[in-house]
Amino acid sequence: MSEITLSKAQIRSLWLRSQGLHEATYFGKGPKAIVKAIKHLGYVQIDTISVIERSHHHILYSRIPDYKTSYLHQAQNKDKTVFEYWTHALAYIATEDFKYFINDMKRRKKNPWYSTVTDADIKKAMALVKKQGPISIRDVNDEVLVEKDHPWASKKPSKKALQSAFNAGDLVISERQGMLKKYELTNRHFGWTKRPKAATAAEVLDYHLDRALRSQGVVSVDSISYMEKVAHKKEILKLLQARVRQGKLIPVKAEGVDKVQFWIEPTHLDEGIDDAGDLTHILSPFDPLVIQRKRFNMFFGYDHRFEAYVPKEKRKYGYFTLPVIIGDQAVAVLDLKTDRQNQKLLIQQWSWLEKHKSQANKKLIEQELQRFEKFQLAR
């Protein structure tokens with residue numbers, strides 16, 4: 001099939017559907033919806049900022065109406081259906097996709113991040129975990145403390161050893177207590193007598209492409225290879241071209257976007273375009289719909305500003321601003337903060353985007369804020 005042209009509205013609709021944001025219960029309800037959502041999205045980014053509920057919980061809340069933070073803990077620690085590892089950032093990933101990350105683990109074992117961590121340091125940390133079971137950095141008490149080399153570092157040298165073993169795939173994060181990580185032997189955590197066989201390089205490329213097609217609907221080389229190197233993008237382009245020849249993909253031109261080539265699966269076109277309606281989402285800045293800032297701006301017309309590390313006097317929208325979607329429109333940006341002591345959600349700043357200020361939109365956002373506040377204060 002020859003190249004087709006889609007409007008930005010059509011692409012927004014397809015993207016929202018692919019993100020599970022086109023209806024309230026697309027992934028279902030309860031703990032089982034967690035792995036379904038994470039598998040579909042490919043991964044859910046983890047972040048430490050906690051002025052409101054942390055991003056990984058926020059992302060899942062936006063797609064699972066009855067979401068509780070205990071659901072994610074259950075999936076990671078009890079059911080073991082999700083695990084943590086590196087995508088473009090640290091993220092939750094479906095355990096059935098573990099094999100696609102084994103080569104990355106091997107690479108990081110061969111080329112570790114920390115030059116000061118020795119093999120002996122790692123063996124000592126591994127032996128401690130093997131003897132004691134899952135441990136956190138707080139369980140290591142027999143060390144000579146050192147000065148931090150950056151704000152997020154630890155004075156305990158063993159933290160880097162534990163992190164190195166995690167990067168290498170020998171340890172897994174078995175649970176989080178807040179942001180405190182507990183490390184366990186990977187095979188013991190999953191009950192594996194033998195590690196899954198690593199995916200081949202070709203299988204990993206297929207995985208990256210399929211993940212993007214599933215979660216984005218309409219894809220480009222850059223959207224598939226977000227934060228990847230040029231070599232990866234070249235291989236993805238070859239794979240896209242091969243699938244076009246096989247009739248599995250259709251080239252797409254986006255109306256008003258001249259310099260970017262897109263692709264879509266024919267089945268997406270057969271499904272038709274959804275009516276956006278007035279479903280309202282207050283999204284995390286790390287939400288997979290928002291995190292690729294150029295793509296989000298391309299189709300939603302809003303270039304999200306992450307201003308947490310910008311000096312206060314230079315901020316336009318606020319410290320930790322959340323884009324608000326009504327239907328298929330980005331209509332506002334909210335800077336929110338949870339006052340946990342007084343049990344209320346604070347609106348630090350409410351900024352309307354373009355010509356979206358209206359009583360109808362305000363009412364929809366206020367209704368969603370009531371639900372959002374209950375989620376923030378659930379603990």
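Predicted model only: the values in this text are computed from it and were never measured.

(A) Region of interest: unusual backbone geometry. Phi at Met-227 takes a positive value of approximately 65°, unusual for a residue other than glycine. Structurally, the position occupied by Met-227 is in the loop between α10 (221-224) and α11 (230-245). Classification of Met-227 as exposed rests on a relative accessible area of 60%. Backbone geometry places Gln-343, a non-glycine residue, at a positive phi of 55°. When you line up the elements, Gln-343 lands in the loop between β12 (329-339) and β13 (344-352).

(B) Inspection of the nonpolar core at higher detail. Ile-34, Leu-60, Tyr-67, Phe-83 and Leu-336 are the most contacted members of the largest nonpolar core, which totals 71 residues. Sequence-distant contacts of Phe-83, defined by excluding residues within four places in its chain, comprise Ala-91, Tyr-92, Ile-93, Ala-94, Thr-95, Phe-98, Phe-101, Met-105, Val-172 and Phe-190. Core analysis: the second largest hydrophobic core is formed by 26 residues, Ile-250, Ala-254, Ile-264 and Leu-283 among them.

(C) Quick look at empty space enclosed by the protein. Taken as a whole, this structure holds two cavities of 30 Å³ or more when the rule is applied. Counted as a void, the largest cavity has a volume near 80 Å³. Lining of the largest cavity is provided by Ser-13, Leu-16, Leu-21, His-22, Asp-274, Asp-275, Ala-276, Leu-279, His-281, Gly-327 and Asp-328. Partitioning the lining of the largest cavity into residue classes produces four nonpolar, four polar and three charged. Roughly 40 Å³ of internal volume is contained in the second largest cavity. Around the second largest cavity, the lining residues are Phe-83, Glu-84, Tyr-85, Phe-98, Met-105, Phe-166, Gly-169, Leu-171, Val-172 and Thr-186. Every element with two or more residues in the lining of the second largest cavity is listed here: β3 (82-86) and β5 (171-177). Element by element, the count of residues in the lining of the second largest cavity is highest for β3, at three residues. When the residues that make up the lining of the second largest cavity are grouped by side-chain class, the tally is seven nonpolar, two polar and one charged.

(D) Main features of helix α7 (residues 158-167). α7 sits mainly inside the fold: eight of its 10 residues count as buried. The complete set of buried residues in α7 reads Ser-158, Ala-161, Leu-162, Gln-163, Ser-164, Ala-165, Phe-166 and Asn-167. In this fold, the buried residues of α7 make contact with β3, β4 (90-94), α5 (102-110), α6 (119-132), β5 and β6 (180-185). At the exit of α7 stands Gly-169, carrying a positive phi of roughly 85°.

(E) Region of the structure containing the packing of helix α1 (residues 8-18) against helix α13 (residues 293-300). Running from amino to carboxyl end, α1 crosses α13 at an angle of 130°, the nearest separation of the two axes being 9 Å. As the angle between them shows, α1 and α13 are arranged oblique. Side by side, α1 and α13 meet where Lys-8, Ile-11, Arg-12, Trp-15 and Leu-16 of the first sit next to Arg-295, Phe-296, Met-298, Phe-299 and Phe-300 of the second. When the residues that make up the contact of α1 with α13 are grouped by side-chain class, the tally is seven nonpolar, no polar and three charged.

(F) View of the sheet that holds β3. Strand order in the open sheet formed by three strands is β2-β4-β3, with antiparallel pairing between adjacent strands. A strand with exactly one partner marks an edge of an open sheet, and here the two such strands are β2 (44-45) and β3. Of the strands in this sheet, β3 and β4 touch α7, which is tilted by about 105° from β3.

(G) Examining the pairing of β12 more closely. Burial analysis of β12 places nine of its 11 residues in the buried class, which makes it a mostly covered element. Bridge count for strand β11 (residues 321-326) against β12 is six bridges, and the pairing is antiparallel. By the bridge assignment for β12, Pro-323 is matched with Val-333. A loop of two residues connects β11 with β12, the two strands running antiparallel in sequence, and Gly-327 in this loop sits at a positive phi of about 65°. In this sheet, β13 lies alongside β12 in antiparallel orientation, the contact comprising eight bridges.

(H) Region of the structure containing the environment of Pro-251. Its location among the elements puts Pro-251 in strand β8 (residues 250-254). Distance from Pro-251 to Val-219, taken between C-alpha atoms, is 9.7 Å for residues 32 residues apart in sequence.

(I) Focus on the packing of α1 against helix α9 (residues 201-216). Running from N to C, α1 and α9 point in directions that differ by 110°, and their axes come no closer than 6 Å. Here α9 runs roughly perpendicular to α1, going by the angle between their axes. Only Leu-213, Arg-214, Ser-215 and Gln-216 of α9 make contact with α1, whose side of the interface consists of Leu-14, Trp-15 and Ser-18. Here the residues of the contact of α1 with α9 sort into three nonpolar, three polar and one charged.

(J) Summary view of the environment of Met-179. Within the element layout of this structure, Met-179 appears in the loop between β5 and β6. Accessibility expressed as a relative area gives 23% for Met-179, which makes it partly exposed. For the pair Met-179 and Ile-46, spaced 133 residues apart in sequence, the C-alpha to C-alpha distance is 9.7 Å. If we ignore the near neighbours within four places in the chain, the residues touching Met-179 are Ile-46, Asp-47, Thr-48, Arg-54 and His-56.

Rules of the game
- Residue positions are counted from 1 within each chain, in the order its sequence is given.
- Confidence filtering applies because this is a predicted model: local features only for residues at pLDDT of at least 70, side-chain atom pairs given and counted only at 80 or more, and all residues used for totals across whole chains, interfaces and linings.
- Side-chain measures here rest on the full set of heavy atoms in the structure, leaving out hydrogens and waters.
- A helix here means a DSSP run of H or I that spans at least four residues, while a strand means a run of E at least two residues long, and both kinds are numbered starting from the N terminus.
- Here's how the labels work: a residue is buried when its accessible area is under 20% of the maximum for its type, exposed when over 50%, partly exposed in between, all with a 1.4 Å probe on protein chains only.
- To form a nonpolar core, buried Ala, Val, Leu, Ile, Met, Phe, Trp, Tyr and Cys residues must be joined to one another through side-chain atoms within 4.5 Å.
- The criterion used for residue contact is that any of the two residues' heavy atoms lie within 4.5 Å.
- In this analysis, the protein atoms alone were mapped onto a 1 Å grid. Cavities are point sets where a 1.4 Å probe fits without being able to get out; pockets are open sets with protein on both sides within 12 Å along at least five of seven lines; lining residues have an atom within 4 Å of a point.
- Grid points are joined across faces, edges and corners, and a volume is the space filled by probe spheres set on the points.
- Gly is placed with the polar residues, together with every amino acid not listed as nonpolar (Ala, Val, Leu, Ile, Met, Phe, Trp, Tyr, Cys and Pro) or charged (Asp, Glu, Lys and Arg).
- Axis definition: a line fitted to C-alpha atoms, limited for helices to the stretch in contact. Angles are taken between N-to-C directions and run from 0 to 180 degrees.
- Roughly parallel means an angle under 35 degrees; roughly antiparallel, over 145; roughly perpendicular, 65 to 115; everything else is oblique.
- The pairing criterion for strands is at least two bridges between them, as found by DSSP.

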